[in-house]
Amino acid sequence: MSRPSDHYDSAPPSITQPELGVIGYVRFFWRQLTSMRTALLLLLLLALAAIPGSLVPQRSSDPNGVVQYFDANPALAPLLDSLQLFDVYASVWFSAIYLLLFISLIGCVIPRTTHHLRALRSRPPRTPARLERLEGFTVREPDTSALGAAAGSDTAASAIDSARDLLASRHYRVELYEVGGAHSVSAERGYLRETGNLVFHTALLGVLVSIGLGGSFAYNGQKVMIEGAPFVHVLGSYDSFNPGRFFDESHLEPFVMTLERFEVDYEEFNLNAYGVPTDFRAAVTARDQEGNESGAVIRVNHPFEFGGTRVYLLGNGYAPTITVRDGEGNIAFNRAVPFLPQDSNLTSLGIIKAPDALPEQLGMIGFFYPTAGVLASGAYTSIHADLLDPLLTLRVYTGDLGLDDGIPISVYTLDTDELTEVVGGDSGVETIELRPGETAQLPNGLGSVTFETMTPGAGANNWAGSVKRFASFDLHHNPAELGALVFAVLALLGLLCSLFVPRRRVWVKAKASPGGGIRLEYAGLARGEDPGLVEAVADIADTHGGKVEE
Amino acid sequence: MTEQLASAALVAIYSAMAVYSIALVFFAIDIAKRSSLKASPVQSELLGQADGFRGSIAVAKRAAPVAQAKASRFERTGFALTILAWLLHLAGAVLRGLANGYVPWSNMFEFSLVVSLALTTVFLGIQFWQKLGYLGVYATGASLIVLGVGTVNFYVDVTPLAVPLQSVWIIIHVGVAILATAFFAIGAGLSILQLLKARYEANPDASRLGFLRTIPSSVSLESLAYRMVVVGFVLWTFTLIAGAIWAERAWGRFWGWDTKEVWTFIIWVIYAGYIHARATRGWRGAPSAWLSIVGIAAVVFNYTIVNLFFKGLHAYSGL
Ligand code: HEM
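All of the points below concern the structure found in this document. (Residues numbered from 1 in each chain as written. Chains lettered and ligands numbered in written order. Predicted model: local features only at pLDDT ≥ 70, side-chain atom pairs only at ≥ 80, totals over all residues. Heavy atoms only, no water.)

Quick look at the overall build of chain A
- In terms of helices and strands, chain A carries 10 helices and 26 strands.
- A compact globule built from 550 residues would reach a C-alpha radius of gyration of about 24 Å, whereas chain A, at 38 Å, exceeds it by more than 25%.
- Its C-alpha atoms give chain A principal-axis dimensions of roughly 125 × 65 × 55 Å.
- Every one of the 550 residues in chain A was classed for burial, and the buried ones make up 48%.
- Looking at chain A alone, contacts between residues at least 24 apart form 62% of all its contacts between residues at least 6 apart.
- Carbon and sulfur atoms make up 56% of the accessible area of chain A, which totals about 26700 Å².
- Here chain A contributes 40 positively and 62 negatively charged side chains, and the mean placements of these two sets differ by 18 Å. (Helix = DSSP H or I, 4+ residues; strand = E, 2+ residues; numbered from the N terminus. Rg over C-alpha atoms; globule rule 2.2 N^0.38 Å. Buried < 20%, exposed > 50% of the residue type's maximum accessible area, 1.4 Å probe, protein only. Contact = heavy atoms within 4.5 Å. Areas by Shrake-Rupley, 256 points an atom, 1.4 Å probe, with all protein chains shown as cover. Lys, Arg positive; Asp, Glu negative; His and termini not counted. Charge placed at Lys NZ, Arg CZ, Asp CG, Glu CD.)

Set out below in structure tokens:
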């Protein structure tokens, strides 16, 4: 079958010593590499090598986890890092295993494919001389006396003809042989088993290549979008961006996308889960360069496709709109600021930087509570994620915010070491507390801060919609997907054929028996796992033996 | 209404556990009785021929599938009780599903509930095809443990389906994974028996497990185990692909080496290894059986340790 020589169905190899000379050694190693045992060991090794990546955080899937790991284990982490344990699936050793495995696979599949193509075109093999030694051997001596005198060879030939028809109707490929006066039919079926096996292994290669190749052209990026604020799809407006190896900025299709509304449903009836979100809906519109407009509601599990990019809903939170007037009455800051959620009830932390404020730059650290509640300690916390009782608290700092030094600083952090606290904390001035629509004066004539409401006309205690929401999105483009999917499905179909289509040979032989009638012999041979072979031969004997008797 | 349905589900589940326990006792008595049975020579001869090794004569082999000894009274009672337990178990799962308003496999308690149900379903289902009474202790014992641990240690109240799980893929991907697990588990049980039987065959007099005489040969058991595992493997392959499609829908990438993805992959590779081992000279028999056992161990590890202690996107243990 041109299977690896250590396949259990292959004849045991006679020589295992390498032939002399370079070619001999190369051939020897190639044979070792493409043997079943090597494939098996590499498979087991692959399973083992995949384990550490589940024990140690991976840069690819959990970059923050890696940072935390370094903090928590400063001695161990660099050592693990040098072994590439934070990048297991891109590591030299993991790659080596799967590349060897796939080389072995290619080396295994190619000879089998050529062999199989030949087998597909060849006739079923000559009937063995002795069927007794084969599986399911059955003898029938049908009573043909009723047929009259025309016994012997004629009857044998016609019995074999009917056996051939029977086998052919059961999708066997058939061939008649006549050896030493015995008529016989040799039949084989289940070529699909080997075809399926080859398709399966080749498709695995296809999956790997699609992922590798497609991944190089893929990109993904993250963007926080606040209700009403348009996002222009160019590289510079992403918050973060991960290009594949062959990514080129020209691959980005320019378009403008706007989050029109973000809505959340909360559980209201089930007290075991009161206030748990049950649905997130991001209504977006998008417009491309040609002016084609498209709108959609993005939900978890329901991405939106536009301009070759798929947009996934990832997270959400509140973006209070804040206006800062400086000591000279100028507007130094006026923007919706995304506050990062700290817990499931969206207690959120946000930073406000007003470097243009005069006479001094202003920085603020704010906490936003969509539904403010008071802990036993006296501190605020949010007790519901919806806007039932919104509250913003602010601590205010003055001093050099460091924005002019040219060093990029995250908009989500404020380094207060060099700043002077003027409101909250130890400053002696109480932390500012604002409801939507309220304004507070800063001390020392520094100005004022306003928490703008989005629903100025709403009645008292109706806070719905008073604070903008934001949603964070992942934008993806991966040309590998379709290819990987097609190959994966091919692999599955190949696997089904390979495991469940029985490949078997069946022979029926007819001899004139000494008593004047005929003696029919049936036997089969499994090629690969075939638990139903004996049954199948017996069934053919029953059906055919019965037929002949008629 | 939800509350009533959920507590009715619990009543059914605890009843199922009680009946499983009694079924287990009956199967165990049957096994104990087998040990004291004198093997009739005819029976062992027929069993020997059920193996289908090449070159034996067909006339006797034809009779092979029914060649096992007639089930004992205890075994038959064990089966009857298992069917009763299964009905209660099924009722428990259906009631829980109704209480949820969605499929009853969205947290660890429910996984245990449905995996053990699938295990019994597969065990009972294959009886139509092969009589596996000698596996009764293993099957009812495994169901009982999984269901018991899940219900006692992981029980959670009905809550709305977490937003990320609101997708048809939870039905397809998780449902098929559960079914695959059931086939792997039955396969592993057969592999364990295969190992015991192989040791018995090597030295029949040294074995104190007399019942081994009454079960099929190690070669037959291996072939049965193999057939269970390949069905499980196909289902697992499907789970893997369906999971990738869902991950693409939900997270925008079909594969990201998230912890759960890693373990799904590891399990898949182990079973691919098992199938290969069965086709590799020197690896058929005991070494391949060990791989089947390692495989189910990895599946159990994936359901328990990985769910409880490993960090990842698939954080839906409900605990
Ligand atoms: C990526 C790694 C591989 C995986 C996941 C894999 C998986 C499988 C699976 C699941 C089967 C059983 C289904 C079937 O028959 O199609 C199988 C069969 C087989 N594989 Fe692989 N394989 C891999 C690599 C290889 C390599 C490298 C070789 C050659 C050395 C090989 C040779 C075979 C052979 C000969 C069979 C048929 C076994 C039989 O006769 O039952 N495979 N493989």
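A few points about the interface of chain B and chain A
- Listed as interface residues are 59 residues of chain B and, on the opposing side, 73 residues of chain A.
- Taking both sides of the interface into account, the surface hidden between chain B and chain A amounts to around 5400 Å²; carbon and sulfur atoms contribute 64%.
- Put simply, chain B and chain A have three salt bridges between them.
- Here Glu529 of chain A ties to Arg284 of chain B by a salt bridge, and the two come within 3.8 Å at their closest N and O atoms.
- Linking chain B with chain A are 12 residue pairs in polar contact (both at pLDDT 80 or more), by the criterion used here. (Buried area = accessible area lost by both parts, 1.4 Å probe. Salt bridge = Lys/Arg side-chain N within 4 Å of Asp/Glu carboxyl O. Polar contact = N/O pair within 3.5 Å; in protein donor to acceptor, adjacent residues only side chain to side chain.)

Side note on the packing of helix α9 (residues 480-500) of chain A against helix α8 (residues 218-251) of chain B
- Close contact between α9 of chain A and α8 of chain B brings their axes to 11 Å; oriented N to C, the two are set at 170 degrees. On the basis of their axis angle, the class for α9 of chain A and α8 of chain B is roughly antiparallel. When α9 of chain A is examined against α8 of chain B, the residues Glu481, Leu485, Ala488, Leu492, Leu495, Leu496, Leu499 and Phe500 of chain A are found in contact with a partner set consisting of Tyr226, Val230, Val231, Phe233, Val234, Thr237, Phe238, Ile241, Ile245 and Glu248 of chain B.
- Residues belonging to the contact of α9 of chain A with α8 of chain B are distributed by class as follows: 15 nonpolar, one polar and two charged. (Axes fitted to C-alpha atoms, helices over the stretch in contact; angles between N-to-C directions. Parallel < 35°, antiparallel > 145°, perpendicular 65-115°, else oblique. Nonpolar A, V, L, I, M, F, W, Y, C, P; charged D, E, K, R; others polar.)

Considerations on the sheet that holds strand β24 (residues 468-477) of chain A
All names here are of chain A.
- Taken together, five strands build an open sheet; the order of strands is β6-β4-β24-β11-β10 and the sheet is antiparallel. Lying at the two open borders of the sheet, with one neighbouring strand each, are β6 (240-243) and β10 (304-306). The average angle at which neighbouring strand axes cross in this sheet is 25 degrees, direction not considered.
- Across eight bridges, the pairing between strand β4 (residues 219-226) and β24 is antiparallel. For Met225, the partnering residue across the bridge sits in β24 and is Ala471. (Pairing = 2+ DSSP bridges.)

Brief notes about the packing of aromatic side chains
Residue and element names in this part refer to chain A.
- A full pass over the atoms with the stated rule returns 33 aromatic pairs over all chains.
- Between Phe262 and Phe280 the ring centres are 6.3 Å apart and the planes differ by 25 degrees, which places this aromatic pair in the stacked class. Of the two residues, Phe262 is situated in strand β7 (residues 255-266) and Phe280 in strand β8 (residues 277-288); the sequence distance between them amounts to 18 residues. Both residues of the pair, Phe262 and Phe280, count as buried.
- An angle of 90 degrees between the planes, with centres 6.0 Å apart, marks the rings of Phe368 and Phe451 as edge-to-face. With Phe368 in strand β16 (residues 362-369) and Phe451 in strand β23 (residues 447-451), this pair connects stretches of sequence that are 83 residues apart.
- Take Phe451: its relative accessible area is 0%, and that puts it in the buried class. (Phe/Tyr/Trp six-rings, centres within 6.5 Å; stacked < 30°, edge-to-face > 60°.)

Notes on the coordination of the iron atom of the ligand
- For the iron atom of the ligand, the protein coordination sphere consists of His201 of chain A (NE2) and His276 of chain B (NE2), at 2.0 Å.
- Classification of the site at the iron atom of the ligand rests on its six donor atoms, whose angles at the metal span 80 to 179 degrees, yielding the label octahedral. Of this pair, His201 of chain A sits in helix α8 (residues 191-217) while His276 of chain B sits in helix α9 (residues 259-278), on two different chains.
- Assessed through its relative accessible area of 13%, His201 of chain A is described here as buried. (Donors = N, O, S within 2.8 Å, 3.2 Å for Na, K, Ca; no water. Tetrahedral: all angles 85-135°; square planar, octahedral: opposite > 155°, others 65-115°.)

Description of the pattern of salt bridges
Residue and element names in this part refer to chain A.
- All chains considered together, the criterion is met by 34 salt bridges over all chains.
- The salt bridge involving Arg519 is made with Glu141; its shortest N-O contact spans 4.0 Å. Highlighted residues: Arg519 in strand β26 (residues 518-526) and Glu141 in the loop between β1 (135-140) and α7 (153-169), separated in sequence by 378 residues.
- Beyond isolated ion pairs, a larger network of salt bridges with shared partners links Arg261, Glu263, Asp265, Asp279, Arg281 and Arg299.

What to know about the site of the ligand
- In the vicinity of the ligand lie 25 residues, with His7, Cys108, His201 and Ser498 of chain A together with His276 of chain B positioned nearest.
- Looking at the residues close to the ligand, they fall on chains A and B.
- A distance of 2.8 Å is found between a nitrogen atom of the ligand and a side-chain nitrogen or oxygen belonging to His201 of chain A.
- Broken down by secondary-structure element, the contributors of at least two residues to the shell around the ligand are α2 (36-50), α6 (92-121), α8 and α9 of chain A together with α9 of chain B. (Near = heavy atom within 4 Å.)

What about unusual backbone geometry?
- Between Leu358 of chain A and Pro359 of chain A the backbone carries a cis peptide bond, its omega angle lying at 0 degrees.
- Mapped onto the elements of the fold, Pro359 of chain A is located in the loop between β15 (348-354) and β16.

Remarks on the side chain of Thr138 of chain A
Residue and element names in this part refer to chain A.
- Secondary-structure assignment places Thr138 in strand β1.
- Among the residues examined, Thr138 registers a relative accessible area of 10% and is labelled buried.
- Of note is the side chain of Thr138, whose polar atom sits 2.7 Å from the backbone oxygen of Gly136.

Comments concerning the pairing of strand β25 (residues 504-512) of chain A
Residue and element names in this part refer to chain A.
- Counting buried positions over the nine residues of β25 gives seven, a clear majority of the element.
- Taken together, the seven bridges between strand β3 (residues 182-189) and β25 define a ladder with antiparallel strand orientation. Bridge pairing in β25 links His183 to Ala510.
- Bridge count between β25 and β26: nine bridges; the pairing is antiparallel. Along β26, the bridge assignment pairs Ala510 with Leu520.
- What sits between β25 and β26 in their antiparallel hairpin is a turn of five residues, with Gly516 showing a positive phi close to 105 degrees.

Overview of the side chain of Asp279 of chain A
- Tracing the chain through its elements places Asp279 of chain A in strand β8.
- A distance of 3.3 Å separates the side chain of Asp279 of chain A from the side chain of Arg299 of chain A, its partner in a polar contact.

Here we look at the packing of helix α5 (residues 108-126) of chain B against helix α7 (residues 168-202) of chain B
All names here are of chain B.
- At a minimum axis separation of 8 Å, α5 and α7 run at an interaxial angle of 55 degrees. The angle between α5 and α7 places the two elements in the oblique class. Here the hand of the crossing between α5 and α7 comes out right-handed. Contacts between α5 and α7 pair Phe111, Val114, Val115, Ala118, Leu119, Val122, Phe123 and Ile126 from the former with Val174, Ile178, Leu179, Thr181, Ala182, Phe183, Ala185 and Ile186 from the latter.
- For the contact of α5 with α7, a count of residues per class yields 15 nonpolar, one polar and no charged. (Left-handed = near helix turned anticlockwise from the far one by under 90°.)

Thoughts on the pairing of strand β12 (residues 321-326) of chain A
Residue and element names in this part refer to chain A.
- Among the six residues that make up β12, five are buried, leaving the element largely enclosed by the rest of the structure.
- Looking at chain direction, β12 and strand β13 (residues 331-336) are connected through five bridges and run antiparallel. What sits directly across from Arg325, in β13, is Ile331.
- Connecting β12 to the antiparallel partner β13 that follows it, the hairpin turn spans four residues, and Gly329 within it adopts a positive phi of roughly 85 degrees.
- By the bridge criterion, five bridges tie β12 to β23 in an arrangement that is antiparallel. Its bridge partner being in β23, Arg325 is matched across the sheet by Ser448.

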